[in-house]
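The lines below spell out each chain.
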Number of protein chains: 2
Amino acid sequence: MSTGSKALKALRGQSWFCNGLLPVFIRSPTVSIRAFSATMSPPSKAAVYEQHGPPDKVTRVIELSPVEMKENDVCVKMLAAPINPSDINRIEGVYPVRPQVPAIGGYEGVGEVHSLGSAVRGLSIGDWVIPSPPSFGTWQTYIVKEESVWHKINKDIPIEYAATVTVNPLTALLMLEDVVKLNSGDVIVQNGATSIVGQCIIQLARIRGIQSINIIRDRADTEAVKEKLRKLGADKVYTESQLEVKNVKDLLGDLPEPALGFNCVGGNSASLVLKFLRQGGTMVTYGGMSKKPVTVSTSSFIFKDLVLRGFWLQKWMSSERAKDCRVLIDYLLGLISKGKFKYEMELVPFDNFDVALCKALGTLGRHGKQVLIF
Amino acid sequence: MSTGSKALKALRGQSWFCNGLLPVFIRSPTVSIRAFSATMSPPSKAAVYEQHGPPDKVTRVIELSPVEMKENDVCVKMLAAPINPSDINRIEGVYPVRPQVPAIGGYEGVGEVHSLGSAVRGLSIGDWVIPSPPSFGTWQTYIVKEESVWHKINKDIPIEYAATVTVNPLTALLMLEDVVKLNSGDVIVQNGATSIVGQCIIQLARIRGIQSINIIRDRADTEAVKEKLRKLGADKVYTESQLEVKNVKDLLGDLPEPALGFNCVGGNSASLVLKFLRQGGTMVTYGGMSKKPVTVSTSSFIFKDLVLRGFWLQKWMSSERAKDCRVLIDYLLGLISKGKFKYEMELVPFDNFDVALCKALGTLGRHGKQVLIF
């Protein structure tokens, strides 16, 4: 058996591979006979990687053949999907859950219902839907999946928000709500505050009456960045070098010591979060941008009673609590629709996928979150 | 006002200073008048530090004058009290709770009831008692305290066990029972397995049907130490250098991955505990013998879902859960009395306090736990 036919066999069983990848698939006699008697999706253009490796080397946009729709299937014309760091890691093969290749990139996004299987009752053509829980390749123009995976949303928000609401804003919301019980007036501290999750935490905290201490990298435009975060609702913003003082808590003024901290950087920046935490405080690690580990004295554990843990959305999605996913998403979309919740993104036509990918990889300098527009 | 009279004033309000420290105290006219009309304790010999600093420099044994006993007081003739590392740290002034000086050393111990105030109903002369919860200077020959602080225990165990049951065995029991719910067949991993807490963990785990993986320092008598721990009930014992392998879990064989780890060392030894832990496992830090911090990758928090926390007995003693303290102590004493629970100690007459202190400080080579016998 050739490698090609092995890959083909694998594809048939792959849940995220909604459209057949290789033209040979549709040309097999059995499939073509059934194709004539069933509704077919349009052909789809998809960003596909056939092996793990450097994303700009292994990913290419190809045309996928139409697929047959079953009676419970919904064909969705994708409108927008972001390139998240975790999408990059999945392609690189360094993510703990390694997608089986060949695979289509992307994990979240928004689309418009294009056509319906005969048994679909809960969706109509033209509805906006997001895959919820997210689970499959969203970097393609048409996706065919069962009705149950699609969550209908209101159309009163920009598509780039609908496309990105699951990974970053939901992470921020869950970390604020699920780890430590916070009350109005409580304080949180975070590093990487300019990241989208960081910006979401500032705004969600503010809505809940929770104050935020924010740590940012030292950079040329410090004052502008601080001002931007303050406008989002940040109570305090410090650069890392500003926190090279004997006792960071002297900076708190009237602010209570934070009960909860968030770390997406590691290294010294994580230590700064820990220094702010109150006795018995918790630090949640959800990223490691500096690629440096977290270092903690044994006495911080024993006498300061610190608790360190992590948060990973994909694990949460497989937990009991994930049944609330759509309710939480609707809450976040509601905030966006009321103008209470925002973050910056860079929209890129899918035709420029290669450029968007390079920007997301950082090989073209610093850029905002790349959102593919189909 | 002289410094001397300031120290005297402080003494009067100090709860652990059960016997007046300075002869001048009893010589003041008011006190001596009342003394004639009340029961007096015998004079006491006590190991006292008048300032924080190196224990062998600042601690000396002095004679304390008799004190007047109130109607609810019990005078206890101490039988035995250990020198624990935390006692050393309290004298050094590096403990988070800094005793007000002058102070008498010691935090746990056992004694025999010597005399009773007129209103005492629950204790009789000759009873064995331990201060529970522990809270004051036990390095002295006679202690006068209210009946309520004394917990009567059975006399069927060696005094050195009664004297040491609170700090180390109770720490081991609480860390096994209170952090993660373990079931029979589960596995724990610990470093510093030869410490008394380590030995207690092995034995308490075995009693509960929990298996233990034990990490010890590399040393000359490795095989003898391993054999000793195995006799206590250790399932696996490894030296740190034995664990310098690519995947420590290959060593587990049929043993399930541990859900809970204990760290009293820090540094690389803590990392070895973390390497053994299963997905979602917890590591409890209760000591830092290497004086090195704990270092953890951000991905261990995010993708391996590790939780790191600490345990400090003194904090537990001030928690709601501490109401169970005496029940737990009785459970441990029962195990000792049945011969199911043991650890090695070195008994030293209180007259040789200075030598015992130096041995505890490690300035006279390696020695076992020093227990003062009065």
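Shown above is the structure to which this text applies.
Residues numbered from 1 in each chain as written. Chains lettered and ligands numbered in written order. Predicted model: local features only at pLDDT ≥ 70, side-chain atom pairs only at ≥ 80, totals over all residues. Heavy atoms only, no water.

Notes on the interface of chain B and chain A
Put simply, the rule is: Any two residues whose heavy atoms approach within 4.5 Å at even a single point are treated as in contact. By definition, the buried area sums, over both parts, the 1.4 Å-probe accessible area that each loses when the two are put together. Salt bridge, as applied in this entry: a Lys or Arg side-chain nitrogen positioned within 4 Å of an Asp or Glu carboxyl oxygen. Polar contact is defined as a pair of N or O atoms within 3.5 Å, subject to the rule that within protein one atom must be able to donate a hydrogen and the other to accept it, and that residues adjacent in sequence are counted only when both atoms are side-chain atoms. Here a helix means four or more residues in a row that DSSP labels H or I, a strand means two or more in a row labelled E, and each is numbered from the N terminus. Polarity classes work like this: nonpolar for Ala, Val, Leu, Ile, Met, Phe, Trp, Tyr, Cys and Pro, charged for Asp, Glu, Lys and Arg, and polar for all others, with Gly in that last group. Any two strands with at least two DSSP bridges between them are considered paired.
Across the boundary between the two partners, chain B contributes 27 residues, which contact 27 residues of chain A. Both sides of the chain B and chain A interface together cover about 2200 Å² of buried area, and 69% of this is carbon and sulfur. On the chain B side of the contact with chain A, B:Phe301, B:Ile302 and B:Phe303 bury the most area, a combined 26% of that side's loss. Across the contact surface, chain B and chain A share two salt bridges. In this structure, the salt-bridge partner of A:Lys315 is B:Asp305, at a minimum N-O distance of 3.0 Å. There are five residue pairs in polar contact (both at pLDDT 80 or more) connecting chain B and chain A. Where the side of chain B that touches chain A is concerned, the elements lending two or more residues are strand S14 (294–296), helix H11 (298–302) and strand S15 (307–310) of chain B. Broken down by element, the side of chain B that touches chain A gets its largest block of residues, four residues, from S15(B). Residues of the side of chain B that touches chain A, tallied by class, amount to 14 nonpolar, nine polar and four charged. The sheet contact formed by strand S14 (residues 294–296) of chain A and S14(B) spans three bridges and is antiparallel.

Here's the deal with the sheet that holds strand S1 (residues 44–49) of chain A
Residue and element names in this part refer to chain A. Reading across from one edge, S2-S1-S4 is the order of the three strands in this open sheet, with antiparallel pairing throughout. For this open sheet the edge positions go to strand S2 (59–64) and strand S4 (103–104), each flanked by a neighbour on one side alone. When S1 meets S4, the two strands line up antiparallel, connected through two bridges. For Tyr 49, the partnering residue across the bridge sits in S4 and is Ala 103.

What to know about the environment of B:Gly266
Tracing the chain through its elements places B:Gly266 in the loop between strand S12 (260–263) and helix H10 (267–276). Between the C-alpha atom of B:Gly266 and that of B:Lys291, which follows or precedes it by 25 residues, the distance is 6.8 Å.

A short note on the pattern of salt bridges
When the charged atoms of two side chains lie near each other, side chains of opposite charge can form a pair. We count it as follows: Relative accessibility decides the category of a residue: with a 1.4 Å probe and only protein chains considered, values under 20% of the type maximum give buried, values over 50% give exposed, and everything between is partly exposed.
Under the counting rule described, the total for this entry stands at 28 salt bridges over all chains. Of the charged contacts in the structure, one is a salt bridge between A:Lys359 and A:Glu346, with a shortest N-O distance of 2.8 Å. Within this pair, whereas A:Lys359 is found in helix H14 (residues 353–361), its partner A:Glu346 is found in strand S16 (residues 345–349), the two being separated by 13 residues in sequence. Accessibility expressed as a relative area gives 22% for A:Glu346, which makes it partly exposed. B:Arg230 is the partner of B:Glu227 in a salt bridge, and the nearest nitrogen-oxygen pair spans 3.4 Å. Placement of the pair is B:Glu227 and B:Arg230 together in helix H9 (residues 222–232), with a separation of three residues, close to one helical turn. Among the charged side chains, a salt-bridge network with shared partners connects A:Asp178, A:Arg321 and A:Asp324.

Concerning the sheet that holds strand S1 (residues 44–49) of chain B
Spatially, three strands are ordered S2-S1-S4 (chain B) in an open sheet, and the strand pairing comes out antiparallel. Lying at the two open borders of the sheet, with one neighbouring strand each, are strand S2 (59–64) and strand S4 (103–104) of chain B.

Thoughts on the packing of helix H7 (residues 168–178) of chain B against helix H8 (residues 196–207) of chain B
Residues and elements named next belong to chain B. Put simply, the test is: For helices, the fitted line uses only the C-alpha atoms of the stretch in contact; every axis is such a line through C-alpha atoms, and the angle between N-to-C directions lies from 0 to 180 degrees. Put simply, angles under 35 degrees are roughly parallel, angles over 145 are roughly antiparallel, angles from 65 to 115 are roughly perpendicular, and the rest are oblique. Crossing handedness follows the turn of the near helix against the far one: under a right angle anticlockwise gives a left-handed crossing, and clockwise gives a right-handed one.
Close contact between H7 and H8 brings their axes to 8 Å; oriented N to C, the two are set at 50 degrees. Taken together, the axes of H7 and H8 lie oblique to each other. The handedness of the crossing between H7 and H8 is right-handed. Within the contact between the two elements, H7 uses Asn 168, Pro 169, Thr 171, Ala 172, Leu 173, Met 175 and Leu 176 and H8 uses Ile 196, Val 197, Cys 200, Ile 201, Leu 204 and Ala 205. Within the contact of H7 with H8, the residues separate by chemical class into eleven nonpolar, two polar and no charged.

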